Amino acid sequence: MDTRVPLLSVESLGVEFRTRGGIVHALEDISFSVGKGETVGIVGESGSGQSVLFYAVLGILDAAGRITGGRAVFGGLDLVRASAPELEEIRGREAAMIFQNPRVALNPIRKVGHQIEDVLARHTSTPSADLRRRAIEALASVRIPDPERRYHAYPFELSGGLCQRIMIAIALACTPSLLVADEPTTGLDVTTQAAVMDLIGELARQRNMATVLITHDLGLAAEHCDRIVVMHAGHVVETAPTAELFAHPRHPYTARLIATTPHAGSDLRSLAAIPGYLPDLRRSDLPACRFSERCERAEPACGERPLARLDAGGVHSVACRSPL
Amino acid sequence: MIDDTQPLLQVEQVRKLFPLKTAGSLVPLRAARRTALLHAVDGVDLSIGRGESVGLVGESGCGKSTLVRLITRTLDPTEGSIRFRGEDIGGIPASRFARVPQRKLIQMVFQDPTDSLNPRYTARDTIAEPLRLLGNLSGTALSDRIEAIAALVQMPRELLGRFPHQLSGGQKARVGIARAVALEPSLLILDEPTAALDVSVQAVILHLLADLREKLGMSYLFVSHDLNIVRLLCDRVMVMYLGRIVESGPARQVFEAPRHPYTRALLSAIPGLGGEASRRIRLEGDPTSPVDPDPGRCRFHGRCPKGQDACTRSSPSLVQMAPGHAVACHFPESA
């Protein structure tokens, strides 16, 4: 394990949203870290708060959201307390994010080449005469065929896989040290998904860039991540190196998640569902363990605070009173 | 007369070509060169037996959806025949198909339950619509039937009065399935029915679909690019590439010993829980254009890891390699 200072270290982060229906306790006591050059997967059902977590870390929560406490230290700076100009300097240059559905995330009425130039002009001191050349280089670096011609393309003229490559080119234009990829391949074909993921992995290795992969596809996380953080209903329930997590899941939710994922060799009978739903995060009587109402191992004590946290040997930690 | 010895659905050499508007159409049409044709479905044979579940897989743009639209008769084929229970339905114009008796026997479950449900219809209205229009039910017979179907798809009765936005993803998927099975069709076409669902719900819906097929004796045509799911639910698989079937065979055989290089690449692209990224076969580049493809060369050539000169000289046709297992490749993998 990397004993040096991690690139990103999130400690006890909490986020809530004020809505007409009450306060949504979206994230509670989130702690994890990402080392330099490491690839970390954040997995869980949709609604578990994976995206909100990184919106909070990068300071792009929407107006209803509020960080209730904790720290997110990135390169020595606590992003939770950083000023807006400081965050603007970091976003795009030091930490970049790519979103699911690239067609929505790209500006539909601006040429993709110009969208890359925008980032370069904002965050680097590239002379304006060189912008075009640098943008074309960025397109070539994500292996877009015929970059000079594609420089002039609008997003609607490109396939989903090419749009996602453009997003990656924009995100990597300033060689950030952290890339957050939020479901980067949802909606893409398996073959395109494989190509996009290989590309992200290769560029990350070349640049020693840390990558956070937010996904609900355990297979994808298994293939591409060094370490996995499992989230459920706004809690981190388990963190472990990838091979260890799949070989010996300790949290009942992780084990359930693995059992619901179809894979080569599974049959329909062995495919189990996870009973119940994510709890309503607006409730004021949320149990300490938010999985306890869906868990067959739950005991009355599971509802009582504080949430149990066990160190399951070195880098493996699990938030469960009676782990597997 | 219904002939029971025939397959439920038999599609033979069906083609669908879409004419494209050529650029510079200000030139008088006669002077312009021949209109370019997009070969969406280009000579496909497909048969589905009674009670059989067939998977249709391939990348987006390969013609899966066009083929489905031809079978559901919302689109007219350019050539070829489509026989359903022995009767030719390919010749009935799509515009008239809603009024023929076969219409209610072919039903479809759509990809995204949020997009395919009317937001102003309650679950009850949605399930009632096919029963009213094609089943001629009304009054208590109608409401009894709706409740029976809700029970069949394991949907609590109290949810019938809800609108789509008041239902969870899994419940919306159940409404979409209930609407499709309401008339007890003999052929159910499922277009990526679990793509929009979370893994935790996906398993429940897959079990439901397997149960329904058994209970109602339906045949399934399961369209998906998630091969892991096709493997779980299908007896037979057909792999489509640029308008053609490149491999078809028993699901087990195709998944365990794929013979076409494209099938192998597709299978190896599925992320596995074992983390086997290194064994992946990479496909370079994009598929060739489906507009006026060269009939004299293999359409997979250029992306194919095994492509040779012979592949540019003739287009391979489907050849039976083992009972029920056919491959269209000049250099198939050995079993």
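Note that the structure is predicted; figures quoted are calculated from it, not measured.

The next point concerns the overall build of chain B. Check the secondary structure of chain B and you find ten helices and twelve strands. On C-alpha atoms alone, chain B measures out to a radius of gyration of 21 Å, which is about the 20 Å that the 2.2 N^0.38 rule sets for 335 residues. With respect to the three principal axes, the spread of C-alpha positions in chain B is 65 × 60 × 45 Å. The buried share among the 335 residues of chain B stands at 43%. In chain B, the proportion of contacts linking residues at least 24 apart, taken out of those at least 6 apart, comes to 65%.

Glancing now at the overall build of chain A. Assigned secondary structure in chain A consists of eleven helices and twelve strands. Taken over the C-alpha trace, chain A has a radius of gyration of 20 Å; the compact-globule value for 324 residues is 20 Å, and the two agree within 12%. Across the 324 residues that make up chain A, the buried fraction comes to 45%.

In this complex, chain A contributes 31 residues to the contact, which on the side of chain B involves 26 residues. Contributions of two or more residues to the side of chain A that touches chain B are made by α8 (190–207), α9 (218–224), α10 (242–247) and α11 (252–260) of chain A.

Now for unusual backbone geometry. Residue and element names in this part refer to chain A. Along the chain, R305 connects to P306 via a cis peptide bond; the corresponding omega equals -5°. Relative to the elements of secondary structure, P306 occurs in the loop between α11 and β11 (310–311). Positioned with a positive phi, D29 is a non-glycine residue whose angle comes to about 50°. Within the element layout of this structure, D29 appears in strand β2 (residues 22–34). The class of D29 is partly exposed, set by 18 C-beta atoms lying within 10 Å.

Right, let's talk about helix α7 (residues 160–172) of chain A for a bit. Residues and elements named next belong to chain A. Its 13 residues place the ends of α7 18 Å apart at the C-alpha level, agreeing with the 18 Å of an ideal helix rising 1.5 Å per residue. The buried fraction of α7 is high, at twelve of 13 residues. All of the buried residues in α7 are G161, L162, C163, Q164, R165, I166, M167, I168, A169, I170, A171 and L172. Turning to α7, the residues buried within the fold contact β6 (95–98), α3 (102–105), α4 (112–123), α5 (131–141), β7 (178–182) and α8.

Core analysis: the biggest nonpolar cluster contains 181 residues, and A:A169, B:A178, B:F222 and B:V239 have the highest contact counts within it. For this core, the element with the highest residue contribution is α7(A), accounting for nine residues. Each of domain 1 (47–81 + 93–234) and domain 2 (241–335) of chain B contributes no fewer than three residues to this core. Among residues more than four places away in sequence, those in contact with B:A178 are B:I127, B:I149, B:A150, B:V153 and B:M155.

What follows deals with helix α3 (residues 123–133) of chain B. Those residues of α3(B) lying buried are B:A123, B:R124, B:T126, B:I127, B:A128, B:P130 and B:L131. Contacts made by the buried residues of α3(B) are with α4 (139–152) and α5 (169–181) of chain B.

With that settled, consider the sheet that holds strand β12 (residues 325–327) of chain B. All names here are of chain B. What the eight strands build is an open sheet, ordered β6-β7-β8-β3-β9-β10-β12-β11; its pairing is mixed. The outermost strands of the open sheet, each flanked by one partner alone, are β6 (106–109) and β11 (319–322). Pairwise comparison of adjacent strand axes, ignoring direction, gives a mean angle of 25° for this sheet. Here three bridges tie β11 to β12, and the two strands are oriented antiparallel to one another. From the neighbouring strand, Q320 faces β12, where its bridge partner is A326. Helix α1 (residues 64–71) rests against β3 (53–57), β7 (187–191), β8 (219–224) and β9 (236–241) of the sheet, and its axis sits at about 155° to β7. Here helix α9 (residues 261–268) sits on the sheet and contacts β3, β9 and β10 (244–250); the angle it forms with β9, its principal contact strand, is near 105°.

Before going further, it helps to examine the domain arrangement of chain B. Residue and element names in this part refer to chain B. Per the domain assignment, the segments making up chain B are domain 1 (47–81 + 93–234) and domain 2 (241–335). For domain 1 versus domain 2, the distance between C-alpha centres works out to 30 Å. Across the boundary between the two partners, domain 1 contributes ten residues, which contact nine residues of domain 2. Mapped by element, the contributors of at least two residues to the side of domain 1 that touches domain 2 are β3 and α7 (227–233). In terms of residue count, α7 provides more of the side of domain 1 that touches domain 2 than any other element does, three residues in total. By residue class, the composition of the side of domain 1 that touches domain 2 is four nonpolar, five polar and one charged.

Two packed helices can be described by the angle between their axes and the distance between those axes. Residues and elements named next belong to chain A. Running from N to C, α4 and α7 point in directions that differ by 20°, and their axes come no closer than 8 Å. By the criterion of interaxial angle, the relationship of α4 to α7 is roughly parallel. Like other packed secondary-structure pairs, α4 and α7 cross with a definite hand, here right-handed. Contacts between α4 and α7 involve V112, Q115, I116 and V119 on the former and, on the latter, I166, A169 and I170. Among the residues making up the contact of α4 with α7, the classes are represented as six nonpolar, one polar and no charged.

It is worth spelling out the environment of B:L183 at this point. Residues and elements named next belong to chain B. Along the chain, L183 turns up in the loop between α5 and β7. Between the C-alpha atom of L183 and that of L134, which follows or precedes it by 49 residues, the distance is 8.0 Å. Excluding residues that lie within four positions of it along the chain, L183 makes contacts with K104, Q107, P130, L131, L134 and G135.

A separate point is the pairing of strand β8 (residues 210–215) of chain A. All names here are of chain A. The element β8 is largely enclosed, with a buried count of six among its six residues. Burial of β8 is two-sided: the residues A210, V212 and I214 facing one way and the residues T211, L213 and T215 facing the other way are all buried. Pairing analysis gives five bridges linking strand β3 (residues 39–43) to β8, with the strands arranged parallel. Opposite V43, over in β8, you have T215 as the bridge partner. Taken together, the five bridges between β7 and β8 define a ladder with parallel strand orientation. Each residue of the ladder has a partner; that of D182, found in β8, is I214. Traced from β7 through α8 to β8, the parallel crossover comes out right-handed.

Each value, and the rule that gives it
Residues numbered from 1 in each chain as written. Chains lettered and ligands numbered in written order. Predicted model: local features only at pLDDT ≥ 70, side-chain atom pairs only at ≥ 80, totals over all residues. Helix = DSSP H or I, 4+ residues; strand = E, 2+ residues; numbered from the N terminus. Rg over C-alpha atoms; globule rule 2.2 N^0.38 Å. Buried ≥ 20, exposed ≤ 12 C-beta atoms within 10 Å, placed from the backbone. Contact = placed C-beta atoms within 7 Å. Expected span 1.5 Å × (residues − 1). Core = buried A, V, L, I, M, F, W, Y, C linked by C-beta atoms within 7 Å. Domains from an automatic or database assignment. Pairing = 2+ DSSP bridges. Axes fitted to C-alpha atoms, helices over the stretch in contact; angles between N-to-C directions. Nonpolar A, V, L, I, M, F, W, Y, C, P; charged D, E, K, R; others polar. Parallel < 35°, antiparallel > 145°, perpendicular 65-115°, else oblique. Left-handed = near helix turned anticlockwise from the far one by under 90°. Right-handed = clockwise from strand over helix to strand, strands pointing away.

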